[in-house]
Amino acid sequence: MSLHLVDYSILVLYFGFVLGIGWFLRKSVASSSDFLTASHSLPLWITSLAFLAANMGALEMIGMCGSGAKYGMMTSHFYWVGAIPAMLFVGVFMMPFYYGSKARSVPEYLKLRFDEKTRGFNAITFAVMTIFSSGISMYALGILLQAIFGWSFTVSVLVSAGIVLVYTYLGGLSSAIYNEVLQFFLIVVGFSPLAILAVNKAGGWSGISQRLEPAMTESWRHMGSPADNPMGVEVFGLFMGLGFVLSFGYWCTNYLVVQRAMAARNMTDARNTPIVGAFPKMFIPFIVIVPGIAAVALAQMGAGYSIPEKNGGPDYDLVLISLMQQFYPSGMLGVGLTALIASFMSGMAGNVTAFNTVWTYDIYQSYVRKNAPDSHYLWMGRMATIFGTTLSIGAAYMARSFNNMMDFLQLIFGFVNAPLFATFLLGMFWKRATANGAFSGLVSGTAAAAFTYGLTRAEGKGGWLSVLYEFPSSMAQNFWVAINAFVVCFVITVVVSLAGKARPEKELVGLVYGVTPHAAEPAVWYKRPSVLATLAAGICVALNIIFF
C-alpha cells in the first residue's frame, strides 16, 4: 500500500486528537464512578452515537464488508433483523430496569434480581467474551498496520494495543465515549466514498445484479432451503438464531453497549439512546456490506481487481483494505485508513471499558477486596485496563485461524449472550423465576453451546467430540449453537424455578416488569420512546421489503 505525506499527516493528526481527548478528560476523573461509569452525566446525542459506534469497530467494518463478499445481501440481516428490533426492545422495555435499578453493570442487575452466584458466573463469562472481542478488533488493526507499513503481525498488534491503552487509561469511559462519537463521523466520511466508487465501477447496482447470482443481491427470496443461499441457513434458523437469540442476546444483555445508555443523564435519555441509535444503524449496510458485494462483481469483470487469498481460499477479511488500495487516491486513502483505525479504536475501547468496569465492580470488589476506599477501586480500574489489553493480545492470535472474523465473534456470542438472554427474559418478565433456576439455566445453556459446537462441524471447525452433523457454513453452525444454548437455558430455568420458592413481590419492584409501576413518558411526542421506536420499526420494515 503506497502512502504519501498527506496520508501520514492525516493519520498523525487523528492520533494527536484522540490522545488529546484522553489527556483533557483525565482531570475530570476523580473517582471510580467517573472512570468506570462516567457518573451518568452524558447527553442523549453523545450516548446514542456512542451506543452505535461501540458496535462499529474494525470488526464490523472489515468483518461485514468481508461477509458481504462471502454471503451477499443476506448480510443485511445482521442489521435489519439482527439489530434494529432488539435495539428498539431494549430501549422501550429493558432500560427502565437497568437504569432504574441503579445497577452499575449488567452483572450487578443479576445480583439484584437473583443472587451473587448468578452475577459471578455472568461477570466471568462476560469478561472472557470482552477479551475475545477486543482481541478480534486488535487482530483487525494488526492486519491493517501490517498492510500499510509492512510490519510483522506481532509488532502491528503491540502497536495497536498501545494506541487504545493510553487514552482509555487516561480518561476512562468518558474518553472512550467522546472518541466513539468522533470515530462515528470519521467512519461515515471515510467509507461512504468507497461504496460509491466500487458500485459505480461495477456498473451500478443493476450491473452487480446482472453479474452475480440472485442469492447474492436479494435478502429474502432464497431462504426456503439452506442449499439455496450462500449463508446456508433457512428462515427458522435466521429468525430464531440471529433475529431472536443472538440479536436480543447481544443488544439487550451485552454490557458493552448497555453501558453507553446507562451513562445518560436521565431515564428518558437512557431509553432513547438505543432507539435514536437505530436510525443511522439501519443505513450502515450501504457503506460496509454493499462494497463487499461490489468486490465480487469486480473480481468477475477482469478489471484488475481480485479478492485476496489465504490458505488457498478467499481472505474475506482483506476485502475492504484491498478495495481502498484499488480506488482511493492519495489523501482520500489517508482519510479511509484513519476511518478504519478509528473503527478499530471504537471496538476495542468499548470492550476494554466494559471489561474494566465488570472486573472492578463485579469480580474484584465482590470477591477479592470488598470494603476498600474508592481511590483503590479507581486504581484497580486503571490496572484492569492494562491487563485486559494484555490478555486481548493473545485473543488476537486466535482470530487468525478464521477466514472471516464475524464467524468467530458470532460463535462467542452463542456461548455467552444466547443463554444470558434467556435468563434476562425470564428474570425481567416472569416474577416466578428464582435464583437457583437462573444459575442452573446459565450453566446448562453454556454447556449446551459447547456440546453443540463439539458435536457439529462447519468449514473444518468444531466437531472436537464427534461429528454428528455437518453445517454448510460457520454462520449456520453459530446460529444453531445459539438456539440450543437459549432453549436449554430457558427450559432449565423454568423447571428449576417451578420446583423452588419465588421471592416476595415487594422485593422485585423496580426489577420485574409485572410488579413495577410504569413511569410516565415525556409530554413532547418526539421524545417518547414508544413513538420513536414505532417510526424506526416502520423504516426497517420498508428496507426489508425493498431488498426482498
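A quick note: this is a predicted structure, and the numbers were derived from the prediction, not measured.

A. Structural context of the overall build of the chain. Scanning the chain for helices and strands turns up 23 helices and five strands. Taken over the C-alpha trace, the chain has a radius of gyration of 22 Å; the compact-globule value for 548 residues is 24 Å, and the two agree within 12%. Buried residues in the chain amount to 62% of all 548 residues. Total accessible area on the chain stands at roughly 19,200 Å², and carbon and sulfur atoms take up 67% of it.

B. Quick look at the sheet that holds strand E3 (residues 456–458). On the basis of which strands lie adjacent, the open sheet formed by three strands has the order E4-E3-E5 and mixed pairing. The two strands at the open ends of the sheet, each matched to only one other strand, are strand E4 (461–462) and strand E5 (469–470). With two bridges joining them, E3 and E5 adopt parallel strand pairing. Paired with Arg457 across the bridge in E5 is Glu470. Sheet strands in contact with helix H21 (residues 435–455) are E3, E4 and E5, and its direction is about 65° off that of E3.

C. Representation of the packing of aromatic side chains within the structure. The full count for this structure, using the stated rule, is 39 aromatic pairs. Seen from their ring centres, Phe236 and Trp480 are 5.9 Å apart, and the 40° between their planes marks the pair as tilted. Pair noted here: Phe236 is in helix H12 (residues 235–253) and Trp480 is in helix H22 (residues 474–498), with a separation of 244 residues, a long-range link. Of the aromatic side chains, those joined through ring pairs into one cluster are Phe89, Phe93, Phe97, Phe244, Phe248, Phe421, Phe429, Phe486, Phe490 and Tyr513. The aromatic ring of Tyr169 is capped on one face by Arg382, whose charged end is 5.5 Å from the ring centroid.

D. Up close: the pattern of salt bridges. Taken as a whole and assessed by the stated rule, the structure comprises eleven salt bridges. As a salt-bridge pair, Glu459 and Lys70 come within 3.3 Å of each other at their nearest N and O atoms. Note that Glu459 is positioned in the loop between E3 and E4 and Lys70 in helix H4 (residues 58–71), a separation of 389 residues in sequence. Given a relative accessible area of 33%, Glu459 falls into the partly exposed group. Look at Lys70 and you get buried, because its relative accessible area is 13%. With a closest N to O distance of 3.7 Å, Arg221 and Glu218 form a salt bridge. Assessed through its relative accessible area of 23%, Glu218 is described here as partly exposed. Each of Lys111, Glu116, Arg119 and Asp362 takes part in a single network of salt bridges with overlapping partners.

E. Highlighting the state of the cysteines. The tally for this structure, following the rule as stated, stands at zero disulfides. In this structure Cys252 is a free cysteine whose sulfur lies 14 Å from that of Cys540, the closest cysteine sulfur available.

F. Summary view of the packing of H21 against H22. Packing of H21 against H22 leaves a shortest axis separation of 7 Å and a crossing angle of 155°. Taken together, the axis directions place H21 and H22 in an arrangement best described as roughly antiparallel. The way H21 lies across H22 gives a crossing that is right-handed. For the pair H21 and H22, the contacting residues are Asn436, Gly437, Ala438, Ser440, Gly441, Leu442, Ser444, Gly445, Ala448, Ala449, Thr452 and Tyr453 in the first and Gln477, Trp480, Val481, Asn484, Ala485, Val488, Cys489, Ile492, Thr493, Val496 and Ser497 in the second. Residues of the contact of H21 with H22, tallied by class, amount to twelve nonpolar, eleven polar and no charged.

G. Summary view of the side chain of Ser31. For Ser31, the position within the fold is in the loop between helix H1 (5–25) and helix H2 (32–37). Apart from residues lying up to four places away in sequence, Ser31 is in contact with Asp374 and Leu378.

H. View of the environment of Pro226. Among the secondary structure elements, Pro226 is positioned in the loop between helix H11 (214–217) and H12. On the basis of relative accessible area, Pro226 is assigned to the partly exposed category, the value being 31%. Excluding anything up to four places from it in sequence, Pro226 contacts Gly232, Val233, Glu234 and Pro472.

I. Quick look at a nonpolar patch on the surface. Together, Tyr8, Phe149, Trp151, Val155 and Val159 give the surface a local cluster of nonpolar side chains, amounting to about 380 Å² of exposed area. In this structure, Phe149 sits in helix H8 (residues 116–149). Residue Phe149 is classed as partly exposed on the basis of its relative accessible area, which comes to 31%.

J. Spatial organisation of the environment of Val181. With respect to the element layout, Val181 can be found in helix H9 (residues 153–201). By relative accessible area, Val181 is classed as buried at 5%. As a C-alpha pair, Val181 and Leu49 span 132 residues in sequence and 5.7 Å in three-dimensional space. If we skip the residues at most four places from it in the chain, Val181 touches Trp45, Ile46, Leu49 and Ala50.

K. Highlighting helix H10 (residues 204–211). Buried within H10 we find Gly204, Gly207 and Ile208. Considered in projection along H10, the buried side chains sweep an arc of 100° and stay on one side of the axis. The inward-facing, buried residues of H10 abut H9, H11 and helix H16 (290–301).

L. Structural detail: the side chain of Thr217. Inspection of the secondary structure puts Thr217 in helix H11. On the accessibility criterion, Thr217 (8% relative accessible area) is buried. When near neighbours in sequence (up to four residues on either side) are disregarded, Thr217 contacts Met73, Trp205, Ile208 and Ser209.

M. Local environment of the packing of H1 against helix H18 (residues 332–368). Relative orientation of the contacting elements H1 and H18 amounts to 30°, with a least axis distance of 7 Å. Viewed along their axes, H1 and H18 adopt a mutual orientation that is roughly parallel. Viewed along their axes, H1 and H18 form a crossing whose handedness is right-handed. Across the interface between the two elements, Asp7, Ile10, Leu11, Tyr14, Phe15 and Val18 from H1 touch Met332, Leu333, Gly334, Val335, Leu337, Thr338, Ile341, Ala342 and Met345 from H18.

N. Spotlight on the environment of Glu459. Between the C-alpha atoms of Glu459 and Ser473, which are 14 residues apart in sequence, the distance is 6.2 Å. A polar contact of 3.1 Å, which involves the side chain of Glu459, links it to the backbone nitrogen of Ser474.

What counts and how
Residues numbered from 1 in each chain as written. Predicted model: local features only at pLDDT ≥ 70, side-chain atom pairs only at ≥ 80, totals over all residues. Heavy atoms only, no water. Helix = DSSP H or I, 4+ residues; strand = E, 2+ residues; numbered from the N terminus. Rg over C-alpha atoms; globule rule 2.2 N^0.38 Å. Buried < 20%, exposed > 50% of the residue type's maximum accessible area, 1.4 Å probe, protein only. Areas by Shrake-Rupley, 256 points an atom, 1.4 Å probe, with all protein chains shown as cover. Pairing = 2+ DSSP bridges. Contact = heavy atoms within 4.5 Å. Axes fitted to C-alpha atoms, helices over the stretch in contact; angles between N-to-C directions. Phe/Tyr/Trp six-rings, centres within 6.5 Å; stacked < 30°, edge-to-face > 60°. Lys NZ or Arg CZ within 6 Å of the ring centre and 35° of its normal. Salt bridge = Lys/Arg side-chain N within 4 Å of Asp/Glu carboxyl O. Disulfide = S-S within 2.5 Å. Parallel < 35°, antiparallel > 145°, perpendicular 65-115°, else oblique. Left-handed = near helix turned anticlockwise from the far one by under 90°. Nonpolar A, V, L, I, M, F, W, Y, C, P; charged D, E, K, R; others polar. Patch = residues over 30% accessible without salt bridge, like charges linked within 9 Å, V, L, I, M, F, W, Y side chains within 5 Å. Arc of directions from axis to C-beta. Polar contact = N/O pair within 3.5 Å; in protein donor to acceptor, adjacent residues only side chain to side chain.

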